[in-house]
Amino acid sequence: MMQGNQACAEGAVAAGCRFFAGYPITPSSEIAENLSVMLPRLGGKFIQMEDEIGAMGATIGAALTGMKAMTATSGPGFSLKQENIGYASMAEVPCVIVNVMRGGPSTGMPTLPAQMDVQQARWGSHGDREVIALTAKSAQETYEQTIRAFNLAEKYMTPVILLIDEITGHTTEKVVIPDPSEIEILDRVKPDGNQENYLPYRMTDTCIPVLAPFGTGYRYHVTGLCHNETGFPTNNSEEISCLIERLSRKILMNVDDIVRNNEQLLKDAEVGIFAYGSVARTAQAAVRMCREEGIKAGLLEPTVLWPFPEKAVMEMAQQVKSIVVPELNMGQMAREVMLASRCSVPVHKLGRVDGQPIPPQQLVEKIREVV
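Residue indices begin from 1 for each chain and proceed along its sequence in written order. Given that the model is predicted, a residue must reach a pLDDT of at least 70 before its local features are reported, and side-chain atom pairs must reach 80 or more before they are shown or counted; all residues, however, enter totals for whole chains, interfaces and linings. Excluded from the side-chain calculation are hydrogens and water; included are all heavy atoms of the structure.

## Thoughts on the packing of helix α10 (residues 279-292) against helix α13 (residues 360-370)
Spelled out, the test is: In this description, a line fitted to the C-alpha atoms serves as the axis of each element, helices being fitted only across the stretch in contact, and the angle between N-to-C directions of two axes falls anywhere from 0 to 180 degrees. Helical segments are the DSSP runs of H or I of at least four residues, strand segments are the runs of E of at least two, and each set is numbered from the N terminus. Any angle that is under 35 degrees is reported as roughly parallel, and any over 145 degrees as roughly antiparallel; angles of 65 to 115 degrees are reported as roughly perpendicular and all others as oblique. Should the near helix be turned anticlockwise from the far one by less than a right angle, the crossing is left-handed, and should it be turned clockwise, the crossing is right-handed. Contact definition: two residues touch when any of their heavy atoms are within 4.5 Å. Following the grouping adopted for this structure description, the nonpolar residues are Ala, Val, Leu, Ile, Met, Phe, Trp, Tyr, Cys and Pro, the charged ones are Asp, Glu, Lys and Arg, and the polar ones are all others, Gly among them.
The contact between α10 and α13 brings their axes to 8 Å, and the two run at 55°. It follows that α10 is oblique to α13 by the angle criterion. Handedness of the α10/α13 crossing: right-handed. Contacts between α10 and α13 involve Thr-282, Ala-283, Ala-285, Ala-286, Met-289 and Cys-290 on the former and, on the latter, Pro-360, Gln-361, Leu-363, Val-364 and Ile-367. In terms of residue class, the contact of α10 with α13 is made up of nine nonpolar, two polar and no charged.

Shown next as structure tokens:
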């Protein structure tokens, strides 16, 4: 038995995380608290920084040495991390950022749940870039998704965000910890040993750079400026275009590998539900209740919010008569569902922003309205 935040810490350690930098903030503090005990016992490092900006910077620095590094935060702290998240995206530094969402804007609702940061995860840092952001609805999924976040960060050399909410983070429930031999662990590709001709940001077919850990004999430059294959800044328009396009292509070329969804009774559904995070649990119960009433409801539950599961939404829209999107915000992902469905079916929002969860009965009532 463990709460979601503890499962996140356990998943990070299982994935090979050996560095954490953070700053206490409700409702994510238990992640830091658990890792402050776990990491030193494993030869890892835990550091409480002076603020969230410094925590993100320290995480990037550790990742550049080859360590699997993570930070965790919530609400205002996620806002403070955005500039350095953009830096990690440009410099292609693999790391994991966990955001246990709470209500906002500003300090908002420190102890109450919300899903108000899902668009910030995509657009919070300026510039053209693609983003990988995962989510989880339970402590078990949080454990698994934390491991997957590290694997995706290492595979695609990019920061990866894990979005859970206060309900998921603070719910205590059963978590099955598999044997380490059963867990798939991915590590970043290492250079081939040719230090003389090493180009850290060399264009390859995969568009993924091969960055040598600092301190291993390779000398190269890391910057947030647009840079060429050497890592040094450039004003050459062709080199700039090549870099920015490559940053997006390495994600967009692999959408089918990154995006994953869960489905419940969608094959014959007439009403589709799009729900994520803790609200997906509400949706699971609502589907069962609707079926008992003879309403053919089905659930599409994305476990990856960015890249957005456009293909799955399009397929659902071609089958159902209407879609309901329940979420703990004013409809941030409902807009994405509308776009992905090409307005082929009505998309109905069910938002709640009072710090309380959406109970299954409220969702069932909404479904009754649209049938």
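## Concerning the pattern of salt bridges
Let me state the cut-off plainly: Here, a salt bridge means any Lys or Arg side-chain nitrogen found within 4 Å of an Asp or Glu carboxyl oxygen. Per-residue accessibility, obtained with a 1.4 Å probe over protein chains only, is compared with the maximum for each type, and a residue is labelled buried under 20%, exposed over 50%, and partly exposed between these values.
All told, the structure shown has 15 salt bridges when counted by the stated rule. Here Arg-246 makes a salt bridge to Glu-92, at a shortest N to O gap of 2.6 Å. Here Arg-246, found in helix α8 (residues 237-252), pairs with Glu-92, found in the loop between α4 (76-91) and β5 (95-103); they are 154 residues apart in sequence, far enough to count as distant. The exposure class assigned to Arg-246 is buried, which follows from its relative accessible area of 2%. Among the residues examined, Glu-92 registers a relative accessible area of 0% and is labelled buried. With a shortest N-O distance of 2.8 Å, Lys-250 and Glu-92 are connected by a salt bridge. With a gap of 158 residues between them, Lys-250 in helix α8 and Glu-92 in the loop between α4 and β5 connect regions that are remote in the sequence.

## Some words on the sheet that holds strand β10 (residues 261-264)
Threshold: Only when DSSP finds a minimum of two bridges between them are two strands counted as paired.
Spatially, five strands are ordered β10-β12-β11-β14-β15 in an open sheet, and the strand pairing comes out mixed. Both outer strands of the open sheet, β10 and β15 (347-351), are each paired with one neighbouring strand and no more. Averaged over neighbouring strand pairs, the angle between their axes works out to 20° when direction is ignored. Note that β10 and strand β12 (residues 297-302) share four bridges and pair antiparallel. Within the sheet, the bridge partner assigned to Asn-262 lies in β12 and is Glu-301.

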